[in-house]
Amino acid sequence: MTMEEMVAQLNRWAYEYYVLDNPSVPDTQYDALYDRLVLLEKQTGIVLPDSPTRRVGGEPLKNFAQHNHLKRLYSLDKVQSFGELKEWVDKVEKQLGKTEFTVELKYDGLTINVTYRAGKFVGASTRGNGVTGEDVTEQVKTIRSVPLTIPFNGVCELQGEGIMRLSVLERYNRNHVGDTLKNARNAAAGAIRNLNPKVTAERNLDVVFYSNGYEEGLTASSQTELVQFLHNCGMLTNHVFEKAYSYEEIKSVIEKIGAARSGYDFLIDGVVIKVNDFARREELGYTDKFPKWAIAYKFDAEQVTTELLDVDWQVGRTGKLTPIAKLSPVELCGATIQRATLNNYGDINRKHLKKHALVFLRRSNDVIPEVLGAAEEGGVEIDKPSRCPACGAELQDVGANIYCVNAEHCRPQIVSRIVHYCSKNACDIEGLSDKTVELLVDKLSVRSVADLYSLDETELARLFVGGDRESKKAQNVVLAIEKSKKVSLAQFIFALGLDNVGTVTARDLAAEFGSIDALRIAKIEQLTSINGVGEVVAEGIVQFFAEPQNLEILDRLKAIGINPTYHLGHASGVFSGKKVVLTGSLSNYTRGQASRLIEERGGEIAASVSKSVNLVVVGEDAGSKLEKAISLGIEVIDEQKFVELLKN
Ligand code: AMP
Ligand code: ZN
């Protein structure tokens, strides 16, 4: 057998196994040939482009590169009832007359965009914001149902859903006791957005293809022809693909799918209805987010009943007590649920919840489980706590919430403040998990984030219980802490854990004030002049900087050398390498703010439009700059699009 023949044979078998789900040879026979191929590749130093040995997963990556989709990927507009669906069909038919629709499953996984050039797989990315996604080439390459070569010579981008079959999840969990995956969707998304391609390989994902983006020379002129093309490429295509010619026909396919759903070996969260003919699609066109020629019919979230065993009160970073329902374990959307948050005490009363009684539990695939209400009468009253369950201090009611007032000494508050400070979007100090921080608090008397910087490596190593590995860990933690001294202002502001200040507001505050010292003395009016900062947020900020303990910590941090100021430029930002012109007035940002936000994300601001400009952001009443941009063929985006890009 030549190497070409071996590769072709193995790919044929893999196709039977992974795509057709109908293997013609036992695994051992596949493995034997595979081993022979590995040997031959080693001897000759040749690895063919579609060799299955390319799928084992290479070295872990440092970070995800960005991929600009050759053509924008859209998300789908949704309806949640047959009434809304009928309205949509009516609207389409009003414009197009009698229309041929296709009805497919809406898989619940992660969108994957795969690029092929000259018949070869050259890259894969996530959807991201639709314009730019994360490059996950190495990860997706490990997925056996994604062909490495296809019989099409042009350039094309094809989209599919990365999923983990439920049977694969089950098998995985049987082999990984103690490290089990809860939900097939998160397992798939987590495996693809994992820097280590070996993790992706190990999870045995699939990609089901359903759509095309950019293409040169693809002859498909309808969804039916596209599916045929995908099929010819050896790809996995939708498990349900039906044509329908009216609302009634669509409805009956959906009902059929709804009834079959629980028997599927994968998660779906709805059904996608598309206009079949591509030319007719263009007549309908797009909104700025969705194609008007397709709609997702979303199934209701699944609902079950289970017993409410007890309620735990968890003390959070701000001292807020959150009731957590302990539930008798129950299966829901492919996951076992034993706990669910109850928001606050008011929520418990409103829902008439009692211990040892049945409650309704609901969960849509991507949302955390929610206790809807009591499912039967009776049960035992849930007591309102009178003292902090963690520190025994007094409690204070604020609206429907209960707070522990002992911010300085309440252990879970101390721990979660530090954990938050170390988190990825904050100071990004690796190695300090909740458990480790608890140890630091309990054993090394760490009381605030400032104490982190005087931790002693030897003491740490002893804490992690002796041995080489532990001293390495201690060393890494100390290094990570040291590194955090160079944190950016925006991340530092976020790290402080001000009430209601997320990463976006932190970034805006950094851009506006430029330093902690300036933010410390900010007045309410200054703060509320920033878009997105209301009275409540502003008051929270002012209050934070009025607390002597907080100021003391800030002073200590400053003395250690942590005093970040705002600075420009981020090589990996959405605008990196781009020359951007602003024109017209934006409703959400002043010119200055917008410029800073662009610069912070790696862009360069230019005053006038010329050939070297890459992007023009257009607000209200834009004038000649817009015309010039259009005549030069420069990309133009409106404010809504701009805001979307900023979120990235
Ligand atoms: P959503 O994420 O809820 O806005 O829904 C849009 C997503 O549904 C798309 O980005 C796809 O990833 C996914 N999807 C799953 N199955 C299909 C399908 N058959 N056709 C189109 N999109 C699908
Ligand atoms: Zn407390």
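Structure first, text after, so check above.
Residues numbered from 1 in each chain as written. Chains lettered and ligands numbered in written order. Predicted model: local features only at pLDDT ≥ 70, side-chain atom pairs only at ≥ 80, totals over all residues. Heavy atoms only, no water.

Some words on the environment of S167
Mapped onto the fold, S167 is located in helix α5 (residues 166–175). Since its relative accessible area comes to 31%, S167 is described here as partly exposed. A sequence separation of 17 residues divides S167 from A184, and the C-alpha atoms of the two residues are 9.7 Å apart. (Helix = DSSP H or I, 4+ residues; strand = E, 2+ residues; numbered from the N terminus. Buried < 20%, exposed > 50% of the residue type's maximum accessible area, 1.4 Å probe, protein only.)

Re the pairing of strand β19 (residues 401–404)
Summarising the sheet, strand β18 (residues 395–398) and β19 pair through four bridges and their orientation is antiparallel. By the bridge assignment, Q396 is partnered in β19 with Y403. Where β18 folds back on β19, the antiparallel hairpin that results is connected by two residues, among which G399 adopts a positive phi of roughly 60°. (Pairing = 2+ DSSP bridges.)

Examining the site of ligand 1
In the vicinity of ligand 1, 15 residues are found, and the nearest of them are E104, T111, R127, E161 and Y210. Between a nitrogen atom of ligand 1 and a side-chain N or O atom of E104, the distance comes to 2.8 Å. At a separation of 3.1 Å, an oxygen atom of ligand 1 approaches a polar side-chain atom of K106. The protein chains hide 87% of the 500 Å² of surface that ligand 1 would expose on its own. Of all elements in the fold, only β3 (101–107) and β11 (268–275) reach the threshold of two or more residues within the shell around ligand 1. The element that contributes the greatest number of residues to the shell around ligand 1 is β3, accounting for four residues. (Near = heavy atom within 4 Å. Polar contact = N/O pair within 3.5 Å; in protein donor to acceptor, adjacent residues only side chain to side chain. Areas by Shrake-Rupley, 256 points an atom, 1.4 Å probe, with all protein chains shown as cover.)

Concerning the packing of helix α3 (residues 82–96) against helix α9 (residues 247–260)
At a minimum axis separation of 10 Å, α3 and α9 run at an interaxial angle of 140°. What the angle tells us is that α3 and α9 run oblique. Two packed elements cross with a definite hand, and for α3 against α9 that hand is right-handed. Contacts between α3 and α9 involve F82, L85, K86 and V89 from the first element and Y247, I250, K251, I254 and E255 from the second. Of the residues belonging to the contact of α3 with α9, the class tally is six nonpolar, no polar and three charged. (Axes fitted to C-alpha atoms, helices over the stretch in contact; angles between N-to-C directions. Parallel < 35°, antiparallel > 145°, perpendicular 65-115°, else oblique. Left-handed = near helix turned anticlockwise from the far one by under 90°. Contact = heavy atoms within 4.5 Å. Nonpolar A, V, L, I, M, F, W, Y, C, P; charged D, E, K, R; others polar.)

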